[in-house]
Amino acid sequence: MQWEVVIGLEIHVQLSTKSKIFSGASTAYGAEPNTQACTVDLGLPGVLPVFNGEALNKSVMFGLAVGAQINERSVFDRKNYFYPDSPKAYQISQLYYPIVGEGHIDIDLEDGSQKRIGVTRAHMEEDAGKSLHENFQNQTGIDLNRAGTPLLEIVSEPDMRSAKEAVAYMRKIHSIVRYLGISDGNMQEGSFRCDANVSLRPKGQEEFGTRAELKNINSFRFVEKAINVEIERQMEILEEGGSVTQETRLYDAEKNETRSMRSKEEANDYRYFPDPDLLPIVISAEEIEAIRKTLPELPEAKCTRFMEELGLPEKDAKALTVDRDMADYYEQVQQSIDDAKMAANWLLGDISALNNKKGLEFKDCPVSAEQLIGLLKRIKDNTISGKIAKDIYLAMFEGEGDADAIIDKKGLKQITDTGAIEAIIDEVIVNNPGQVAEFQSGKDKLIGFFVGQVMKASKGKANPGQVNQLLMQKLKK
Amino acid sequence: MMHNKTITELSAGLEAGEFSSVELTQTYLDRIKLLDKQLNSFITMTPELALEQAKNADAQRAAGNVGLLNGIPLAQKDIFCTKGVKTSCGSKMLEPFISPYDATTISQFNESGAVMLGKTNMDEFAMGSSNETSWYGTVKNPWNTDAVPGGSSGGSAAVVAARLAAASTGTDTGGSIRQPASFCGITGLKPTYGRVSRYGMIAFASSLDQAGPMTRTAEDAALMLNVMAGHDLRDSTSVDVAVPDYRADLNESVEGLKIGLPKEFFSEGLNDGVAKVIESAVKEYEKMGAIIKEISLPTSKLAVPTYYIIAPSECSSNLSRMDGVRFGHRCEDPKDLSDLYIRSRGEGFGPEVKRRILVGTYALSEGFYDAYYVKAQKTRRLISNDFNQAFDEVDVIMGPAAPSTAFNIGELTDDPITMYLSDIYTIAVNLAGLPGMSIPAGFSNDMPVGLQLIGKHFAEAKLLNVAHQFQKETDWHLKAPTAFK
Amino acid sequence: MSKLDKSDVEKIAFLARLGIDEQDIPEYATNLSNILDMVEQLDSVDTDGVKPMAHPLDAVQRLRADVVTEVNDRENLQAYAPEISDGLYLVPKVIE
């Protein structure tokens, strides 16, 4: 049978507020256990939540960025369940009246076309603490530093039909929240996590199949792998005439398999009801419009601008604008050297390649925009060749300093003195009589050989333009 | 005798240098030591802290820095978190809980220069109408030690009636200040919901709970409320409405005051003796020039069932944090996580608390939420609307605070529903978030009867004024139980 | 729809993680059924079109400024915790 894959994602984005959603404790990552868990975060008897307005602001920004309805009245509900990382034994969330209603985003498919994915809703909630299993025998340690960190849960429509589409959607959401500056999007630290609902149905069937929910996947790569391995698992069951069980599953990256998480599912009945300690959140149309005015330029608008104002091809403009850090870096470099094409080629070429090779996100690239500007200026003023520049970039990447210092230290300054270049050319001609004869008998392609020899002899420092020109003169004689 | 004085009189005595706060505090500490064995009204005594606070208060007064309650010895209901002091909420669950922080109310009293004598006994997590659900034993009524003091603020009511503190605090979710005030013959005020901060007051039902003063007189209640009322940034449900000086209007005349008597409050179920006392109190107001009108609150019969959905639902969730992990009681050698939760909670909570958690859990569970909780929220609005309509016609509503005088210990323990009905006249006020008072209005069979006054939202000053005028004309509030004179 | 039996009580008690002695279950079942019968008086009330009332005053949520106001107070907050190690609260092993 032909199966159709149906995927919906729930993405948990940690909102980058300084203090927690319902308390004045810090949200900074990596503190000693329970040093950032105050009376409210610990759920001590008698404490009460007070809502952080910045979480609302950031959530509304997201809603506006995906063209969603902002609900002028939203309500916090309690989701009741016992678990040690949930100190009050309920999570404050929004079930019945979320802050953000229906919206959508467009994702790019591999064949170059676009697809619209619906955003069902997005709601604010508090994060749980962490359970640590490693250091204790038969016990689990609970760290509540993360408890109460504000989250925006973004729920998609079941509009995706492959793992690749799911990844494209997730990347797009990641790009948007980074652009908006509402989250650092740091996946290692858990600031951007994803649950995937995956089901299969016979092609052409309207009705959805039974889904499995894959919990807490924290990288783009794992999302694709986890969904694909889950699709395979379900397909096997269905092909054999079995049926998929509706359940929560955990992806094990090491074994590349998903497995059932029964312990968390035990007779769940969350008994949602409006949190009586909090009042309805009301935001006026005027306030929403004021927030709209603070929205930064989003990837799509930036891409169009790069194409129109800078004359970049669509492919380059898109690639430069996916990641806000890269786009900002690019604009800084481009404006400073006034060469849109050169800056684009460097960023999308060597810099991206090296970052990828080292597994770095763009924001973690060790070469600053100022450093790159210093390097590219030396190409433009003919101090160095493009080829030498690549070596200098590597040296900057390794932390050897700025371009000028490296040029000085390594003596990489380009040879532009005609006499010096001619001397090298003369030597090459003398050492390669056979090739000279062949060239002069009409084998024009050999010019590349001579250029190469001259560059090699000059250790790459000769100005390639001058080399070409002088070689032609001398060889044509 | 110092212990027979009101706060107002004690403040004057302190100011005149007739006695110091240390002397006054010691007097109360001695009385408690001598007399509280009969009553069991304290869970925790804090004599050292009290004497230290008293010393500070005397020093402050000497320095000319006199807070509103400087040097006045108070008892605090054990529902308020007090830093460094056991805060048990009447439960075994919190027997090991030494609060690491102060409730806003406690901070306010500390700033006013008040002295804390100790923490008073109460129904477990404020769930009860007789103080019999306390894990620390029943409190006895100072007027008759075979009778209950009412609940849940039974310890606080008994302490004031027996002159073991100048005043105390209570909390009222369905009548827990007014009903024990009525049973013990003292003045109790439940303010408008949101008037007094709930921060650090251990939650029973968050949308109903409200703290208030329990005192000998309305004048003292006004003074206490001056300290307790106000907007608290730590409580989202606390209201940013200006706080008047509640003493300012005490002496306004009640001439022309329109008093509404809901006919539903005087129908079947009301004890005849209580009815007579209330009727004569109303006559007293009539004598003072007030205008009496019969009104109707047709949905008031829905109050008890509505309350017994909303309060248990909220409490089932509020009490879930008592899980033996971060504070409070933890069972021995839990074999796994479920066992830790089930046994810690099973051992820590008493039967009434369990009953309410079960009812609330059931009412919120899948398939029942709309039929119970949402339905009750709708009837809650109907009840509230009734009051709004009534207040179009009258200034204050009056009636009994409870259908009977204090019943005997053990009399209703096997019958939870009859027990619930002892709050029949008070519960609707919490559902509507209105301010309500109970003031001593007389006796029936030698037991005190409380007159309930209900006002519009934020009309505490009006209620206190109306109560004070009654206390100027009568002396019921001055009566003390013989054994505690 | 009320009248709870033993298994209902057990189910609810588990949801609430509430230990109840076996011999007390019938009494709880009776108590709970009586309470539910009492609250079912509300079924007969017409509430069509009535807006549910969550709070006595129809107020709206105040927004707190995004400022860190709390400092590390772990020692004080854990002073009376049942079981602690290296600043962590301990519970029996959680299996995921």
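We now turn to the structure provided with this report. (Residues numbered from 1 in each chain as written. Chains lettered and ligands numbered in written order. Predicted model: local features only at pLDDT ≥ 70, side-chain atom pairs only at ≥ 80, totals over all residues.)

Observations concerning the overall build of chain C
We count it as follows: Strands here are runs of E lasting at least two residues and helices are runs of H or I lasting at least four, both read from the DSSP assignment and numbered beginning at the N terminus. It is over C-alpha atoms that the radius of gyration is taken, and the globule rule equals 2.2 Å times the number of residues to the power 0.38.
Helix and strand content of chain C: three helices and two strands. Reading the secondary structure of chain C in the N-to-C direction produces α-α-α-β-β. Computed over C-alpha atoms, the radius of gyration of chain C comes to 22 Å, more than 25% over the 12 Å expected from 2.2 N^0.38 for 96 residues, which places it beyond the range of a compact globule. If you line up chain C on its principal axes, its C-alpha atoms span 55 × 45 × 25 Å.

A short note on the interface of chain C and chain B
Convention followed: Whether two residues are in contact is decided by their C-beta atoms, placed from the backbone, lying within 7 Å. Under the grouping applied here, Gly and all other residues not named as nonpolar or charged are polar, the nonpolar ones being Ala, Val, Leu, Ile, Met, Phe, Trp, Tyr, Cys and Pro and the charged ones Asp, Glu, Lys and Arg.
If you look at the interface, chain C gives 41 residues, while chain B gives 55 residues. At the level of secondary structure, the elements contributing two or more residues to the side of chain C that touches chain B comprise helix 1 (6-15), helix 2 (25-39), helix 3 (74-78) and strand 2 (88-92) of chain C. Here the side of chain C that touches chain B gets seven residues from one element, more than from any other, and that element is helix 2 of chain C. Of the residues in the side of chain C that touches chain B, the class split is 30 nonpolar, eight polar and three charged.

A few points about the environment of Ile 43 of chain B
All names here are of chain B. Put simply, the rule is: Put simply, a residue is buried when 20 or more other C-beta atoms lie within 10 Å of its own C-beta and exposed when 12 or fewer do; between those, it is partly exposed, and each C-beta is set from the backbone.
When you line up the elements, Ile 43 lands in strand 1 (residues 42-45). Note on Ile 43: 24 C-beta atoms within 10 Å, which makes it buried. The spatial distance from the C-alpha of Ile 43 to the C-alpha of Gly 67 is 27 Å, given a sequence separation of 24 residues. Once residues lying within four places of it in the same chain are set aside, the contact partners of Ile 43 are Asp 78, Ser 88, Lys 119, Thr 120, Asn 121 and Tyr 136.

Brief notes about the packing of helix 11 (residues 351-364) of chain B against helix 1 of chain C
Stated formally: Angles here are taken between N-to-C directions and fall from 0 to 180 degrees, while the axes themselves are lines fitted to C-alpha atoms, restricted in helices to the stretch in contact. The scheme is simple: roughly parallel for angles under 35 degrees, roughly antiparallel for over 145, roughly perpendicular for 65 to 115, oblique for anything else.
Running from amino to carboxyl end, helix 11 of chain B crosses helix 1 of chain C at an angle of 90°, the nearest separation of the two axes being 9 Å. Judged on the interaxial angle alone, helix 1 of chain C and helix 11 of chain B are roughly perpendicular. Contact residues: Leu 358, Thr 361 and Tyr 362 of chain B in helix 11 of chain B; Val 9, Ile 12, Ala 13 and Leu 15 of chain C in helix 1 of chain C.

Digging into the interface of chain B and chain A
Counting residues at the interface gives 35 residues for chain B, matched by 26 residues for chain A. Taken together, the elements giving at least two residues each to the side of chain B that touches chain A come down to helix 9 (303-318), helix 10 (337-348), helix 11 and helix 12 (369-393) of chain B. Sort the elements by how many residues they give to the side of chain B that touches chain A and helix 9 of chain B lands first, with three residues. Looking at the side of chain B that touches chain A, its residues break down into 17 nonpolar, 10 polar and eight charged.

Digging into the pairing of strand 12 (residues 247-252) of chain A
The side chains of a regular strand alternate between the sheet's two faces. Residues and elements named next belong to chain A. In plain terms, the rule: Strand pairing is assigned whenever DSSP identifies at least 2 bridges connecting the two strands. Orienting the strands away from the viewer, one traces the path from the first strand over the helix to the second; a clockwise path indicates a right-handed crossover.
Sheet topology places strand 11 (residues 212-217) next to strand 12; four bridges connect them, and they run parallel. For Leu 214, the partnering residue across the bridge sits in strand 12 and is Arg 249. Of the crossover connections in this fold, the one passing from strand 11 over helix 4 (residues 220-239) to the parallel strand 12 is left-handed. Taken together, the four bridges between strand 12 and strand 13 (residues 257-260) define a ladder with antiparallel strand orientation. By the bridge assignment for strand 13, Asp 252 is matched with Glu 257. Here strand 12 folds back onto strand 13 in antiparallel fashion, the turn holding four residues, of which Asn 256 has a positive phi close to 50°.

Regarding the sheet that holds strand 14 (residues 273-274) of chain A
Backbone-to-backbone hydrogen bonds join strands into a sheet, with any given pair of strands oriented parallel or antiparallel. Residue and element names in this part refer to chain A. Reading across the sheet, the three strands line up as 4-3-14 and stay open at both edges, with antiparallel pairing between neighbours. Strand pairing shows two members of the sheet lacking a second neighbour, strand 4 (90-93) and strand 14, which therefore form its edges. Judged from the two bridges that link them, strand 3 (residues 77-80) and strand 14 form a sheet pairing that is antiparallel. Bridge assignment links Arg 78 to a residue of strand 14, and that residue is Phe 273.

Considerations on the nonpolar core
Which entries qualify depends on this criterion: Among buried residues, those of type Ala, Val, Leu, Ile, Met, Phe, Trp, Tyr and Cys that are joined through C-beta atoms within 7 Å form a set called a nonpolar core.
Core analysis: the largest hydrophobic core is formed by 252 residues, its most contacted members being Ala 166 and Ala 196 of chain A together with Leu 74 and Leu 358 of chain B. If you tally residues by element for this core, the top one is helix 3 (residues 163-180) of chain A, at 11 residues. For Leu 358 of chain B, the contacting residues outside a window of four places in its chain are Val 9, Ile 12, Ala 13, Ala 16, Leu 18, Tyr 28 and Leu 32 of chain C. Counting residues in hydrophobic clusters, the runner-up holds 33 residues, among them Met 326, Val 333, Ala 340 and Leu 376 of chain A.

Some thoughts on the pairing of strand 8 (residues 139-143) of chain A
All names here are of chain A. The element strand 8 is extensively covered by neighbouring structure, given that four of its five residues are classed as buried. Two strands pair when backbone bridges link them, and strand 7 (residues 130-132) and strand 8 are joined in this way by three bridges, in the antiparallel orientation. Note that in strand 8 the partner of Ser 131 across the bridge is Ile 142.

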